[in-house]
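Working through the structure, step by step
Listed below, chain by chain, are the residues.
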Amino acid sequence: MSRHPDDTFVRDTAAYTRFSNDTDVSCHANDTVWFSPACRTDTKRCVPLVLQYSLDRAMQAAAWLRLPLAIAMASPGPHGDYREYWSAVRRARLLFSWFQPDDSLLD
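Computed from a prediction, not measured in an experiment: that's the story for all the values here.

Enumeration over the complete set of coordinates arrives at one salt bridge. Of the charged contacts, one joins Asp-81 and Arg-83 as a salt bridge, the two residues approaching to 3.0 Å between their closest N and O atoms. We classify Asp-81 as partly exposed; its relative accessible area is 34%. Among the residues examined, Arg-83 registers a relative accessible area of 47% and is labelled partly exposed.

In structure tokens, the structure reads:
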């Protein structure tokens, strides 16, 4: 997935489909969450993972390693500072990533 200039995401699924042999690249919940093959039949087993980048790599890793992940992409939000993202990370029980070391979660 990559960003368009209008801040929407473009789904590039060719590599994922080619390497994983999984053709179900559809998203759920208003096109915001992708469920890995390991938990697609029982989504309650999925562990949430929130990313800003590299959705295609996360999808491939989840498929290859049979990880039960529900993957969602975060955007910078209306203020452009990922304020909502950091708030969700602090409140929820989920996996997340960031592109560099950051002390935003330190109290």
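In this section: the state of the cysteines. As enumerated under the stated definition, the model contains one disulfide in all. Here Cys-39 engages in a disulfide with Cys-46; their sulfurs sit 1.9 Å apart. Residues Cys-39 and Cys-46 are joined by a disulfide whose S-S torsion is about 95°; by sign, that bridge is right-handed. The class for Cys-46 is buried, based on a relative accessible area of 12%.

Relative to the helices and strands, Ser-36 is located in the loop between strand E3 (33-35) and strand E4 (47-51). Residue class for Ser-36 comes out buried when judged on its relative accessible area of 0%. Those residues within four positions of Ser-36 in sequence are excluded, and the remaining contacts are Ala-62, Leu-67, Pro-68 and Leu-69.

A word on a nonpolar patch on the surface. Together, Trp-64, Leu-65 and Leu-67 make up a nonpolar patch on the protein surface, roughly 320 Å² of accessible area in all. Tracing the chain through its elements places Trp-64 in helix H2 (residues 55-64).

So, about the nonpolar core. Counting 10 residues, the largest nonpolar core consists of Trp-34, Leu-49, Leu-51, Leu-55, Ala-58, Met-59, Ala-62, Leu-69, Ile-71 and Met-73. Elements with a contribution of two residues or more to this core: E4, H2 and strand E5 (69-73). Looking at this core, the element that brings in the most residues is H2, giving four residues. Ala-74, Tyr-82, Tyr-85 and Trp-86 belong to the second largest nonpolar core, which has six residues in total.

Residues of helix H3 (residues 83-91) that are buried: Tyr-85, Trp-86 and Val-89. Across the axial projection of H3, the buried residues extend over an arc of 95°, all falling on one side. Packing partners of the buried residues in H3 comprise E4 and strand E6 (95-96).

A few words on the pairing of E5. Most of E5 is tucked away: four of the five residues are buried. Summarising the sheet, E3 and E5 pair through three bridges and their orientation is antiparallel. Bridging from a neighbouring strand, Trp-34 pairs with Ile-71 of E5. Sheet topology places E4 next to E5; five bridges connect them, and they run parallel.

What counts as what
- Residues numbered from 1 in each chain as written.
- Predicted model: local features only at pLDDT ≥ 70, side-chain atom pairs only at ≥ 80, totals over all residues.
- Heavy atoms only, no water.
- Salt bridge = Lys/Arg side-chain N within 4 Å of Asp/Glu carboxyl O.
- Buried < 20%, exposed > 50% of the residue type's maximum accessible area, 1.4 Å probe, protein only.
- Disulfide = S-S within 2.5 Å.
- Helix = DSSP H or I, 4+ residues; strand = E, 2+ residues; numbered from the N terminus.
- Contact = heavy atoms within 4.5 Å.
- Patch = residues over 30% accessible without salt bridge, like charges linked within 9 Å, V, L, I, M, F, W, Y side chains within 5 Å.
- Areas by Shrake-Rupley, 256 points an atom, 1.4 Å probe, with all protein chains shown as cover.
- Core = buried A, V, L, I, M, F, W, Y, C linked by side-chain atoms within 4.5 Å.
- Arc of directions from axis to C-beta.
- Pairing = 2+ DSSP bridges.

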